[in-house]
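Coordinate analysis (summary)
Given next are the chains, with one letter for each unit.
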Amino acid sequence: MRASLIQIAVDPDESVNARRQRAASLIAARRGADLVVLPELWPVGAFAYTDFENEAEPLQGPTHDIMAKAAADAGVWLHAGSFVERAPDGTLYNTSLVFTPEGERAAAYRKIHRFGFDQGEAVMMGAGEELVTVALPQTTIGLATCYDLRFPEMFRGLVDAGAGTLIVAAGWPERRRAHWTLLAQARAVENQSYVLAVGTAGTHAGIQQAGHSIVVDPWGEVLAEAGADEEVLDVEFDPARVAATREQFPALKDRRLGLAPPRA
Ligand SMILES: NC(=O)CCC(=O)C(=O)O
């Protein structure tokens, strides 16, 4: 299976619309890939909180339509990263979209764990409540967004729902790059799954982005890793290795659920 991770730069000197068009061109150049993946909130910037209101779009807004067409034009499965969705009741969500090679929307995932503690996304956006997986011909992908990477129980839920490839669309800061790499490998090892984690490049809202998109196999080996700047990371991997790894080293079968809590 051939995947391309588009580590697009998000800088304030480029308009949102120009970046949408540029993303579409980058996708067009990936014709022949099976799956193309974009990062978190690349139209506006994951930390550009002051722009969230102005740049919010309905589910089927400009980002949706441009990405649907880009998927169909390139004939690829497209995880279009996330954008700021304004729901009909006015709530904002950090929403990822997946399109089929025909340009049909296959899934929308609203980020479950919002980042910022008592500020930013955590107070400006609603939280998603549902895990989302999508069955591709080669593998079932499980969707996660950035800060979700810190919550292993969510990834276990995706695996229990059939995922063998875990996709993390992120806008991860350089300041915590070591966590990014470590957690991507941990999620792959503990879930015996591929992890495709794509971040952004550039600096917005004063936050330097880590880049360093990474692909990890079910044994925890890094198959490919990007640098810090804008880059398209192409990788080829064999989804059959998920079942093979789980069979050869069946740790997932040794889970002990429903343990008694400690005595008081
Ligand atoms: N946009 C995010 O979710 C950032 C997450 C982050 O910086 C971290 O977990 O560290």
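Taking an unreviewed UniProt entry as the reference, the protein is identified by name as Carbon-nitrogen family hydrolase belonging to Streptomyces pulveraceus. Per UniProt, the protein carries the Sequence similarities (unreviewed entry) text "Belongs to the carbon-nitrogen hydrolase superfamily. NIT1/NIT2 family."

With that out of the way, let us pick up the overall build of the protein. Scanning the protein from terminus to terminus reveals seven helices and 14 strands. Whereas a compact globule of 264 residues would reach a radius of gyration of roughly 18 Å, the protein reaches 18 Å, a difference of no more than 12%. Its C-alpha atoms give the protein principal-axis dimensions of roughly 50 × 50 × 35 Å. For the protein, with 264 residues in total, the buried portion stands at 55%. For the protein, the proportion of contacts with a sequence separation of at least 24, taken over those separated by at least 6, is 67%. Looking at the protein as shown, the accessible area adds up to about 11500 Å², and 50% of this sits on carbon and sulfur atoms. Treating the 24 positive side-chain charges of the protein as one cloud and the 35 negative ones as another, the clouds have centres 5 Å apart.

Bringing the sheet that holds strand β14 (residues 231-236) into the picture now. Across the sheet, which stays open at both edges, the six strands sit in the order β5-β4-β3-β2-β1-β14 with mixed pairing between neighbours. In the strand order of this sheet, the two ends are held by β5 (105-110) and β14, each with one partner. Neighbour-to-neighbour, the strand axes of this sheet turn through a mean angle of 20°, independent of strand direction. Bridge count between strand β2 (residues 35-37) and strand β3 (residues 77-86): three bridges; the pairing is parallel. The residue of β3 that forms the bridge with Leu35 is Trp77.

Here helix α5 (residues 152-160) crosses helix α6 (residues 177-191) at 45°, and the two axes come no closer than 10 Å. Regarding the angle of α5 to α6, the classification is oblique. In the crossing of α5 with α6, the sense of the turn from one axis to the other is right-handed. Here Pro152, Phe155, Arg156 and Val159 of α5 come into contact with α6, specifically with Arg187, Glu190 and Asn191. Each residue belonging to the contact of α5 with α6 can be placed in one class, and the counts come to three nonpolar, one polar and three charged.

Here we come to the packing of aromatic side chains. By the definition in use, this model includes 10 aromatic pairs. Judged by centre distance (5.7 Å) and plane angle (90°), the ring pair of Trp219 and Phe249 falls under edge-to-face. Of this pair, Trp219 sits in the loop between β12 (214-216) and β13 (222-225) while Phe249 sits in the segment after α7 (240-248), and the two are 30 residues apart along the sequence. An aromatic cluster of at least three residues, connected via ring pairs, comprises Phe47, Tyr49, Phe52, Phe115, Phe117, Tyr147 and Phe151. In this structure, Arg110 is placed above the aromatic ring of Tyr93, and the distance from its NZ or CZ to the ring centre is 3.8 Å.

Taken together, Glu40, Phe47, Lys111, Phe115, Cys146, Tyr147, Arg150, Trp172, Pro173 and Arg176 are the residues near the ligand. A distance of 2.8 Å separates an oxygen atom of the ligand from a polar side-chain atom of Lys111. Take Tyr147: an N or O atom from its main chain is 3.1 Å from an oxygen atom of the ligand. Contact with the protein chains hides 99% of the accessible area of the ligand, taken as 290 Å² for the molecule alone. At a threshold of 2 Å from the grid points, most atoms of the ligand map onto the largest cavity. When the residues that make up the shell around the ligand are grouped by side-chain class, the tally is six nonpolar, no polar and four charged.

Cut-offs used in this document
Per-chain numbering applies: the sequence of each chain, read as written, is numbered from 1 onward. Residue-level local features of this predicted model are given only where pLDDT is at least 70; pairs of side-chain atoms are given and counted only at 80 or more, and the full residue set underlies all totals for whole chains, interfaces and linings. Computation of side-chain values covers all heavy atoms of the structure but excludes hydrogens and water. UniProt positions are given in the numbering used here, feature names are shortened, and annotations may be inferred rather than shown by experiment. The way it works is that DSSP assigns letters per residue, a run of H or I at least four long becomes a helix, a run of E at least two long becomes a strand, and they are numbered from the N terminus. Radius of gyration here is computed from C-alpha atoms only, and the compact-globule reference equals 2.2 Å multiplied by the residue count raised to the power 0.38. Relative accessibility under 20% of the residue-type maximum defines a buried residue, over 50% an exposed one, and the middle range a partly exposed one, all with a 1.4 Å probe and only protein chains included. The contact criterion used throughout is that any non-hydrogen atoms of two residues lie within 4.5 Å. The method behind every accessible area is Shrake-Rupley, applied with a 1.4 Å probe, and residues are considered shielded solely by the protein chains displayed. Residues scored as positive are Lys and Arg, those scored as negative are Asp and Glu, and His as well as the terminal groups of each chain are ignored. In this description, the location of a charge corresponds to atom NZ of lysine, CZ of arginine, CG of aspartate or CD of glutamate. Two strands form a pair only when DSSP identifies at least two bridges running between them. Lines are fitted to the C-alpha atoms to define the axes, a helix being fitted only along its stretch in contact, and any angle between axes, read from their N-to-C directions, falls within 0 to 180 degrees. Any angle between 65 and 115 degrees counts as roughly perpendicular, while under 35 counts as roughly parallel, over 145 as roughly antiparallel, and the rest as oblique. Should the near helix be turned counterclockwise from the far one by less than a right angle, the crossing is left-handed, whereas a clockwise turn marks it as right-handed. Amino acids are sorted into nonpolar (Ala, Val, Leu, Ile, Met, Phe, Trp, Tyr, Cys and Pro), charged (Asp, Glu, Lys and Arg) and polar (every other residue, Gly among them). Only Phe, Tyr and Trp rings take part, Trp by its six-membered ring, and two of them pair if their centres are within 6.5 Å. Stacked means planes under 30 degrees apart, edge-to-face means over 60, and tilted covers everything else. Whether a charge lies above a ring is judged from NZ of Lys or CZ of Arg, which has to be within 6 Å of the ring centre and within 35 degrees of the ring normal. The near set for a molecule or strand comprises every residue that places at least one heavy atom within 4 Å of it. By the criterion applied in these results, polar contacts are pairs of N or O atoms within 3.5 Å in which, for protein atoms, one can donate a hydrogen and the other can accept it, and in which residues neighboring in sequence qualify only through two side-chain atoms. Using protein atoms alone on a 1 Å grid, points that fit a 1.4 Å probe yet trap it form a cavity, whereas open point sets bounded by protein on both sides within 12 Å along at least five of seven lines form a pocket; residues with an atom within 4 Å of a point count as lining. Any molecule with more than half of its atoms within 2 Å of a cavity's or pocket's grid points is counted as sitting in it.

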